[in-house]
Amino acid sequence: MAKKHVFVSFDYTNDKLYKFLLNAWDANKNMDFVFNDFSSDEIQTNSVSVVKTNLTKKINAATYTLVIVGAESTKQHPDHELIGFNNWQSFEVQRSVDAGNKIVVVKIDSSYDAPIECYDIGAQWVNGFTQDGIINALNNA
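Residues numbered from 1 in each chain as written. Predicted model: local features only at pLDDT ≥ 70, side-chain atom pairs only at ≥ 80, totals over all residues. Heavy atoms only, no water.

**A word on helix α5 (residues 131-140)**
All of the buried residues along α5 are Gln131, Gly133, Ile134, Ile135, Ala137 and Leu138. In the core, the buried residues of α5 are packed alongside β1 (4-9), α1 (12-27), β3 (64-69), β4 (102-107) and β5 (124-127). (Buried < 20%, exposed > 50% of the residue type's maximum accessible area, 1.4 Å probe, protein only. Helix = DSSP H or I, 4+ residues; strand = E, 2+ residues; numbered from the N terminus. Contact = heavy atoms within 4.5 Å.)

Now the structure itself:
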């Protein structure tokens, strides 16, 4: 199976464990889950423009964007005016749409609200963070 080029959008502070789980699934040769992670490493800067440039480069290198929706995914970021969006996930989703990436939205819990940029863009939706659900959504995106 060819590896998909996936940018993972997630709330680093609250949901990074789910991102780490995706990488563990990919590393486990006994699991039917393969992807090339095009996500950014933690960016060590306070410069919004540097973060935007780094994220945009990673998003443009991917063909899929997997949006992990956690409890804080719609929380307004203190730098929202500089970002130009409610938060970094909203920025990442819109940049992914602009890049033509196929979008998969994974709600960790069905009660969590997704960023508004996730709606009406033809995204595949998954309720619950499961390997089968994510694989099926990526394959159907």
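**Looking at a nonpolar patch on the surface**
Residues Tyr12, Leu17 and Phe20 make up a contiguous nonpolar surface patch of roughly 320 Å² in combined accessible area. Of note, Tyr12 is situated in helix α1. (Patch = residues over 30% accessible without salt bridge, like charges linked within 9 Å, V, L, I, M, F, W, Y side chains within 5 Å. Areas by Shrake-Rupley, 256 points an atom, 1.4 Å probe, with all protein chains shown as cover. Salt bridge = Lys/Arg side-chain N within 4 Å of Asp/Glu carboxyl O.)

**Focus on the pattern of salt bridges**
Evaluation of the coordinates by the stated rule reveals 2 salt bridges. Its salt-bridge partner being Lys75, residue Glu72 comes within 3.9 Å of it at the nearest N-O pair. For Glu72, a relative accessible area of 32% translates into the label partly exposed. The exposure class of Lys75 is exposed, given its relative accessible area of 55%.

**Here we look at the nonpolar core**
The biggest cluster of nonpolar side chains holds 16 residues, and the ones touching the most others in it are Leu22, Leu66 and Ile134. Contributing elements (two or more residues each) for this core: β1, α1, β3, β4 and α5. Those residues in contact with Leu66 that lie beyond four places of it in its chain are Val6, Phe7, Val8, Ser9, Leu22, Val104, Val106 and Ile134. Within the second largest apolar cluster, 10 residues are counted, among which are Val48, Leu55, Ile83 and Trp88. (Core = buried A, V, L, I, M, F, W, Y, C linked by side-chain atoms within 4.5 Å.)

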